[in-house]
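Remarks on the overall topology
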Amino acid sequence: MKISQHSVVAIHYTLTNDAGEELDSSSGADPLTYLHGTGGLIPGLEAELDGRVAGEAFSTVIQPAQAYGEIDPAMIQDVPLEALAAIDDLRIGMQLQTQDPNGHQRVLIVDAIGETSATLNANHELAGKVLHFEVNVESVRAATQEELDHGHSHGPGHSH
Ligand code: ZN
């Protein structure tokens, strides 16, 4: 069957950046399984998968607007080092878990550390990046009613 709205799709993928460096891959692990058409994957990748069948392999280049969005400068802020004094071993590239005023988890990445302040970046780490995917479609099946009710796919080890 072809991938369409509410197919449960399993893919193997490798993600690289413009420089050809590998950022992520399902190689050596279970394939990534998702419920198609519900925003489970970035929009550009779901669009590329639409209509494909099990066994297909393809590569695609996805622009930031169809992936994790452009970098939002308003989400990059300088914070006085005193405000971060409780953090041991503060270093560039460190990920800090925080909560926004609505109680949602947010990850801030330490972009820079100066003499009196540090630059914290709340953008997704892949924001602003052009993404290169190599994809193999492993399997395609119709979703069960329970999966449709939950809005996500079920597989081994997932039955809530
Ligand atoms: Zn569920």
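This text gives an overview of the structure that appears in the document. (Residues numbered from 1 in each chain as written. Predicted model: local features only at pLDDT ≥ 70, side-chain atom pairs only at ≥ 80, totals over all residues. Heavy atoms only, no water.)

We now examine the sheet that holds strand E7 (residues 105-113). With respect to topology, four strands assemble into an open sheet ordered E5-E8-E7-E6, the strand pairing being antiparallel. Taken across any chain shown, the strands that pair with only one partner, and hence form the sheet edges, are strand E5 (76-80) and strand E6 (95-99). For this sheet, the mean inter-axis angle between neighbouring strands, taken without regard to orientation, is 40°. Sheet topology places E6 next to E7; five bridges connect them, and they run antiparallel. (Pairing = 2+ DSSP bridges. Helix = DSSP H or I, 4+ residues; strand = E, 2+ residues; numbered from the N terminus. Axes fitted to C-alpha atoms, helices over the stretch in contact; angles between N-to-C directions.)

With that settled, consider unusual backbone geometry. Backbone geometry at His6 places phi at a positive 75°, although glycine is not the residue there. With respect to the helices and strands, His6 occurs in the segment before strand E1 (7-16). The backbone phi angle of Asp89 is positive, close to 65°, even though this residue is not glycine. With respect to the helices and strands, the residue Asp89 is situated in the loop between E5 and E6.

On to the environment of Ile109, then. With respect to the helices and strands, the residue Ile109 is situated in strand E7. The exposure class assigned to Ile109 is buried, which follows from its relative accessible area of 16%. Through-space distance from the C-alpha of Ile109 to that of Asn123 is 8.2 Å; in sequence the pair is 14 residues apart. The contacts of Ile109, once residues within four sequence positions are left out, are Gly93, Met94, Gln95, Thr119, Leu120, Asn121 and Glu125. (Buried < 20%, exposed > 50% of the residue type's maximum accessible area, 1.4 Å probe, protein only. Contact = heavy atoms within 4.5 Å.)

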